[in-house]
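Architecture at a glance
Okay, here's what each chain looks like letter by letter:
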Amino acid sequence: MAFATSALVRSLSTSASRQAAIKHVTVIGGGLMGTGITQVAAQSGHNVTMCDVSDDIVQKGLARIQDSLKRVVKKKYKDDPTAGQKFFDSTMENIRIDTNVERVAASTDLVIEAIIENLDIKQKLFSSLDKVAPQHTIFASNTSSLPIKDIASTCERQDRFGGLHFFNPVPVMKLVEVVRFGATSNETFQSLTDFGQAVGKTTVSCKDTPGFIVNRLLVPYMMEAVRMLERGEASARDIDTAMKLGAGYPMGPFELCDYVGLDTTKFIVQGWHELDPDQPLFKPSELVNKLVAEGKLGMKSGEGFYSYKK
Ligand SMILES: CCCCCCC[C@H](O)CC(=O)SCCNC(=O)CCNC(=O)[C@H](O)C(C)(C)COP(=O)([O-])OP(=O)([O-])OC[C@H]1O[C@@H](n2cnc3c(N)ncnc32)[C@H](O)[C@@H]1OP(=O)([O-])[O-]
Ligand SMILES: NC(=O)c1ccc[n+]([C@@H]2O[C@H](COP(=O)([O-])OP(=O)(O)OC[C@H]3O[C@@H](n4cnc5c(N)ncnc54)[C@H](O)[C@@H]3O)[C@@H](O)[C@H]2O)c1
């Protein structure tokens, strides 16, 4: 059977005694993160349905997954193209696309939400899914910065709710932060951890604090780079070069902002500023807000701090 690969079998055997293993996953959002999460879940033998608001978006998402999967195959199976093609085909067979999230969630073990970073919209989505998803279904959010407790607040299934924070680009980055808030049960936390490991990631355990571990440290650093540019102390290019060559980062902060998306960057900082208006580290940036207002969202729109137009 196409869905039963070794990773899934491994995940079944390690977690079977604790709770039913996750076989069918629904990923909501077919953007940067949703496509990556869909890919790694399908690669590891899970049956995944990726949902978004329109056919056009899910089709584009599917094309992005194919491009990324080709890169993985090229690297992993460079000496065995036949096995590579088989891996490609079986991964793609594990993926379905849909635009009706409620229909899909009615028969799923795990919902991973990766939609726009907006609390109201996430709460509305989960509230509607809570009414149709089976009892055993676990809900998880891939939010970068919003409290899991707040996202879960409109749901009855508080104990079956947690955070699964993946990193961009998901097929390459090796970490998943597994987040629990006060109501998350031990079984749910363990299922999410098992799932993160079944998709090939190293997991760390996080409390539901702003930015969890990585973003609590990364966001102040990136925003200080933006403020350094705003103060006219150095150019974006020089700051990027300095952090790559002087601190060993694979991307400079402006390249990373463009890679993450300036809209997501803006939402994160704005949200934290509202929670703690006196904290200077979380002060919104006029420059980022201006770029977003101009539709310059980074790589995904062709322009951000840099231009990506060919
Ligand atoms: C201010 C507020 C902002 C906060 C934002 C927080 C956001 C969020 O919550 C947290 C994050 O994610 S934070 C963000 C965390 N993320 C970071 O910090 C990322 C930092 N950047 C990096 O780690 C590297 O620049 C990249 C890995 C992106 C590209 O690597 P590179 O060397 O510059 O370029 P390369 O040579 O092209 O690729 C190298 C290898 O990777 C492979 N590959 C690449 N993309 C792929 C894909 N989509 N699919 C499959 N494979 C892909 C590629 O095939 C190649 O394999 P090979 O076998 O070596 O030929
Ligand atoms: N971009 C990153 O580097 C990154 C990294 C980790 C976590 N995150 C988080 O992941 C989430 C998604 O970020 P992204 O970068 O993939 O965003 P994105 O803009 O690339 O994609 C979001 C997708 O969600 C869809 N969407 C919006 N509302 C929806 C709804 N009600 N139902 C279904 N689909 C809906 C949009 O059409 C879009 O395709 C955010 O919470 C973000 O904070 C982002």
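Residues numbered from 1 in each chain as written. Chains lettered and ligands numbered in written order. Predicted model: local features only at pLDDT ≥ 70, side-chain atom pairs only at ≥ 80, totals over all residues. Heavy atoms only, no water.

The name recorded for the protein in an unreviewed UniProt entry is Hydroxyacyl-coenzyme A dehydrogenase, mitochondrial, from Owenia fusiformis. In UniProt, the protein has this text filed under Subcellular location (unreviewed entry): "Mitochondrion matrix". Per UniProt, the protein carries the Subunit (unreviewed entry) text "Homodimer. Interacts with GLUD1; this interaction inhibits the activation of glutamate dehydrogenase 1 (GLUD1)." (UniProt positions renumbered as here; feature names shortened; annotations may be inferred.)

Some thoughts on the pairing of strand β6 (residues 161–166)
Counted residue by residue, β6 has six buried out of six residues, so it is predominantly covered. The side-chain alternation of β6 yields two buried faces, one formed by Phe161, Gly163 and His165 and the other by Gly162, Leu164 and Phe166. Across three bridges, the pairing between strand β5 (residues 138–141) and β6 is parallel. Across the sheet, the residue bridging to Phe139 is Phe161, located in β6. (Buried < 20%, exposed > 50% of the residue type's maximum accessible area, 1.4 Å probe, protein only. Helix = DSSP H or I, 4+ residues; strand = E, 2+ residues; numbered from the N terminus. Pairing = 2+ DSSP bridges.)

As for the site of ligand 2
In the vicinity of ligand 2 there are 22 residues, among which Met33, Asp52, Glu117, Lys122 and Ser144 approach most closely. Contacts to ligand 2 include Met33, whose backbone N or O atom sits 2.8 Å from an oxygen atom. Glu117 places a polar side-chain atom, nitrogen or oxygen, 2.5 Å from an oxygen atom of ligand 2. Protein chains bury 84% of the 820 Å² of accessible surface belonging to ligand 2 in isolation. (Near = heavy atom within 4 Å. Polar contact = N/O pair within 3.5 Å; in protein donor to acceptor, adjacent residues only side chain to side chain. Areas by Shrake-Rupley, 256 points an atom, 1.4 Å probe, with all protein chains shown as cover.)

Observations concerning the site of ligand 1
Near ligand 1 you find 24 residues, and of these Ser68, Lys75, Ser144, His165 and Asn168 are the closest. A distance of 2.7 Å separates an oxygen atom of ligand 1 from a polar side-chain atom of Ser144. One of the side-chain nitrogen or oxygen atoms of Asn215 is found 2.8 Å away from an oxygen atom of ligand 1. In isolation ligand 1 has 1200 Å² of accessible area, and contact with the protein removes 70% of it.

Some points on helix α10 (residues 236–247)
Helix length check: α10 (twelve residues) gives 16 Å between terminal C-alpha atoms against 16 Å at 1.5 Å per residue, within 8%. Within α10, burial applies to Ala236, Ile239 and Asp240. Down the axis of α10, the sector holding all buried residues measures 100°, keeping them to one side. Facing away from the buried side of α10 by over 90 degrees, the exposed positions are Leu245 and Gly246. In this structure, the buried side of α10 is in contact with α9 (214–230) and α11 (253–260). Backbone geometry just after α10 places Gly248 at a positive phi near 75°. (Expected span 1.5 Å × (residues − 1). Arc of directions from axis to C-beta. Contact = heavy atoms within 4.5 Å.)

Here we look at the environment of Thr91
With respect to the secondary-structure elements, Thr91 resides in helix α4 (residues 81–93). The exposure class of Thr91 is buried, given its relative accessible area of 1%. Placed 137 residues apart in sequence, Thr91 and Met228 show a C-alpha to C-alpha distance of 44 Å. Beyond its immediate stretch of four places on either side in the chain, Thr91 contacts Gln39, Ala42, Gln43 and Leu69.

As for the layout of surface pockets
Here the second largest pocket defines a volume of roughly 250 Å³. Lining the second largest pocket are 13 residues; nearest its centre among them are Leu146, Phe267, Gln270, Gly271 and Glu274. The element best represented in the lining of the second largest pocket is helix α12 (residues 262–275), accounting for six residues. Split into classes, the residues belonging to the lining of the second largest pocket amount to six nonpolar, four polar and three charged. Lining the lining of the second largest pocket are residues from two domains, each supplying at least three of them: domain 1 (18–207) and domain 2 (214–301). (1 Å grid on protein atoms, 1.4 Å probe; cavity = no way out; pocket = protein on both sides within 12 Å on 5 of 7 lines; lining within 4 Å. Points joined across faces, edges and corners; volume = space filled by probe spheres on them. Nonpolar A, V, L, I, M, F, W, Y, C, P; charged D, E, K, R; others polar. Domains from an automatic or database assignment.)

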